[in-house]
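Notes for the structure review
One-letter residues, chain by chain:
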Amino acid sequence: MAGFLLPTLSILCLIVASVTAWPIPWPNILSTKSSINDESWIINPGEIPQYVTEYAPVVHLWSEEKYLPYDIKSFVSHFYVKDNFDQNITTNADLPLKLAVLGNLTALSTPPLSLDGEKDTSDLFLTALDNFNTDPDWITGMNNVPDIGTGYLKNAPAVLIVVDKGDGWVDAFWFYFYSYNLGPFVMGAGPYGNHVGDWEHSLVRFHNGVPQIVWMSAHGGGSAYHFDAMEKSASDQKRPVLFSARGTHANYAAVGQHSHDIPYYILSDFTDRGPLWDPAQNCLAYTFDGTTVTHANGSHPGREETYGDWLNFAGHWGDKKLSPDDPKQEWHVFEWKYIDGPLGPLSKNLLRSSVCQRSKWWNFWGECRIRTRINNGEGYDAEGYEGCGAIFSTIRPVWLRWILWAFTWRGYGCTIIDRFL
Ligand SMILES: *[C@@H]1O[C@H](CO)[C@@H](O)[C@H](O)[C@H]1NC(C)=O
Ligand SMILES: *[C@@H]1O[C@H](CO)[C@@H](O)[C@H](O)[C@H]1NC(C)=O
Ligand SMILES: *[C@@H]1O[C@H](CO)[C@@H](O)[C@H](O)[C@H]1NC(C)=O
């Protein structure tokens, strides 16, 4: 029976997911007034408190990651910029494109105009000058792996944005840039949902200089943990450890297989203890007050000036979703093969009051759960099998265990059970 039931359920879930999985619109923070309490700020614009780098995360890349982190400055030199209507925004004189120019690009006046008459630049797309799907060096990151001894990653500065939330609360956002997102495989087919440009991020929230919570991004959602619950670096007990998933670069707090968005591990991410990256050793640093970005000093003082005001670029960091006529494009019930490149760091709700960026479609009550223990991955690479699938291991008789397992293992039931752990 299960041989028939599981595939049927899976297909049902796929259909439900593909109908409902559209991203929930999130207000563009650049166009809303700051709600943060500026009367009780404790840090000055351009100032990075010592504790932010002291408690900075370290990241294990996937051991055989093909799409490695990359330098945004080199990245943009492979692009021109067009709008949603395929009109060129850059001219030949702007090429090769420089980071510092990005923040100055404006949309053509007709269309698109936003409701308040402002030129809407969120519809601009960095568009590759060359073919990106043949894995050129600027897409794969050219074996840009961190130094084994130190974790220093030469050709890919991380981006640190510190936001003072008032009353002693300070958010340190660490952004990680990869040139390419290789999407998931769905029941053996795929990959789907690939895109050029991939911004992932994590957040360490401090209160009066003491780290409280770590949040990490995964597929537009993410997970949050009490700081104390996070695994810490073996060489520095202050620094939480993240794991970047194969191809998608979604961030997790443990190694193994992680189901996302739909149940039964139809969509999975994989993390392991690959090369350890220390983003703090090579980072650009900024502060943000809700309207203005101020250059601070990251690992290489003065570099922020040479990179310019690229954070003000409101458009997409990769090509627009390929048209259905494009021979490279493919349709699948779950997702197109190539989708839009992502928006940049300032679009990631940096003024959030809850640590979660936003809620996924299934979390209609908008809960932001902060875990007190690590949610272990499952499967071959998992360490310490405490995942939800193990919960039935003591149930007798065996057939009852099997039924419970078949109906809930790695599924929605598992999510519900997980709530009581
Ligand atoms: C837009 O710019 C790109 C890159 O310079 C060029 O290849 C393309 O032909 C231009 N398109 C138009 C319509 O001018
Ligand atoms: C961007 O615009 C500002 C303000 O108009 C100007 O001062 C700056 O030189 C411009 N930067 C570049 C790289 O064009
Ligand atoms: C960053 O470092 C440079 C050079 O060391 C210095 O001139 C500048 O004032 C520093 N900026 C901030 C915001 O601390």
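Reading guide: rules and limits
- Residues numbered from 1 in each chain as written.
- Chains lettered and ligands numbered in written order.
- Predicted model: local features only at pLDDT ≥ 70, side-chain atom pairs only at ≥ 80, totals over all residues.
- Heavy atoms only, no water.
- Near = heavy atom within 4 Å.
- Polar contact = N/O pair within 3.5 Å; in protein donor to acceptor, adjacent residues only side chain to side chain.
- Areas by Shrake-Rupley, 256 points an atom, 1.4 Å probe, with all protein chains shown as cover.
- Nonpolar A, V, L, I, M, F, W, Y, C, P; charged D, E, K, R; others polar.
- Pairing = 2+ DSSP bridges.
- Helix = DSSP H or I, 4+ residues; strand = E, 2+ residues; numbered from the N terminus.
- Buried < 20%, exposed > 50% of the residue type's maximum accessible area, 1.4 Å probe, protein only.
- Contact = heavy atoms within 4.5 Å.
- Core = buried A, V, L, I, M, F, W, Y, C linked by side-chain atoms within 4.5 Å.

The name that an unreviewed UniProt entry assigns to the chain is Vacuolar protein sorting-associated protein 62, with the source organism given as Nadsonia fulvescens var. elongata DSM 6958.

1. Digging into the site of ligand 3
Near ligand 3 you find Gly46, His295, Asn297 and Pro301, and these make up its full shell. One of the side-chain N or O atoms of Asn297 is found 2.2 Å from an oxygen atom in ligand 3. Protein chains shield 33% of the accessible area of ligand 3, which is 360 Å² for the free molecule. Partitioning the shell around ligand 3 into residue classes produces 1 nonpolar, 3 polar and no charged.

2. Quick look at the sheet that holds strand β4 (residues 158-166)
Taken in spatial order, the 8 strands of this open sheet run β16-β15-β4-β5-β6-β7-β8-β17, and their pairing is mixed. Edge positions in the sheet fall to β16 (293-295) and β17 (370-371), since each has one partner strand and no second. Here strand β6 (residues 195-207) runs beside strand β7 (residues 210-218); their pairing, made up of 6 bridges, is antiparallel. From the neighbouring strand, Ser202 faces β7, where its bridge partner is Met216.

3. Some thoughts on the environment of Phe206
Its place among the elements puts Phe206 in strand β6. Judged by relative accessible area, Phe206 falls into the buried class, the value being 0%. Taking the C-alpha atoms as reference, Phe206 lies 9.8 Å from Lys165; in sequence the two are 41 residues apart. Beyond its immediate sequence surroundings of up to four residues, Phe206 is in contact with Tyr51, Val52, Tyr55, Gly168, Trp169, Val170, Ala172, Pro211 and Gln212.

4. Quick notes on the nonpolar core
In terms of nonpolar packing, the biggest core is built from 48 residues, with Phe75, Leu102, Leu126, Ile161, Trp310 and Trp317 touching the most fellow members. The element contributing the most residues to this core is strand β5 (residues 169-181), with 4 residues. Val52, Ala158, Ala254 and Ala285 belong to the second largest nonpolar core, which has 34 residues in total.

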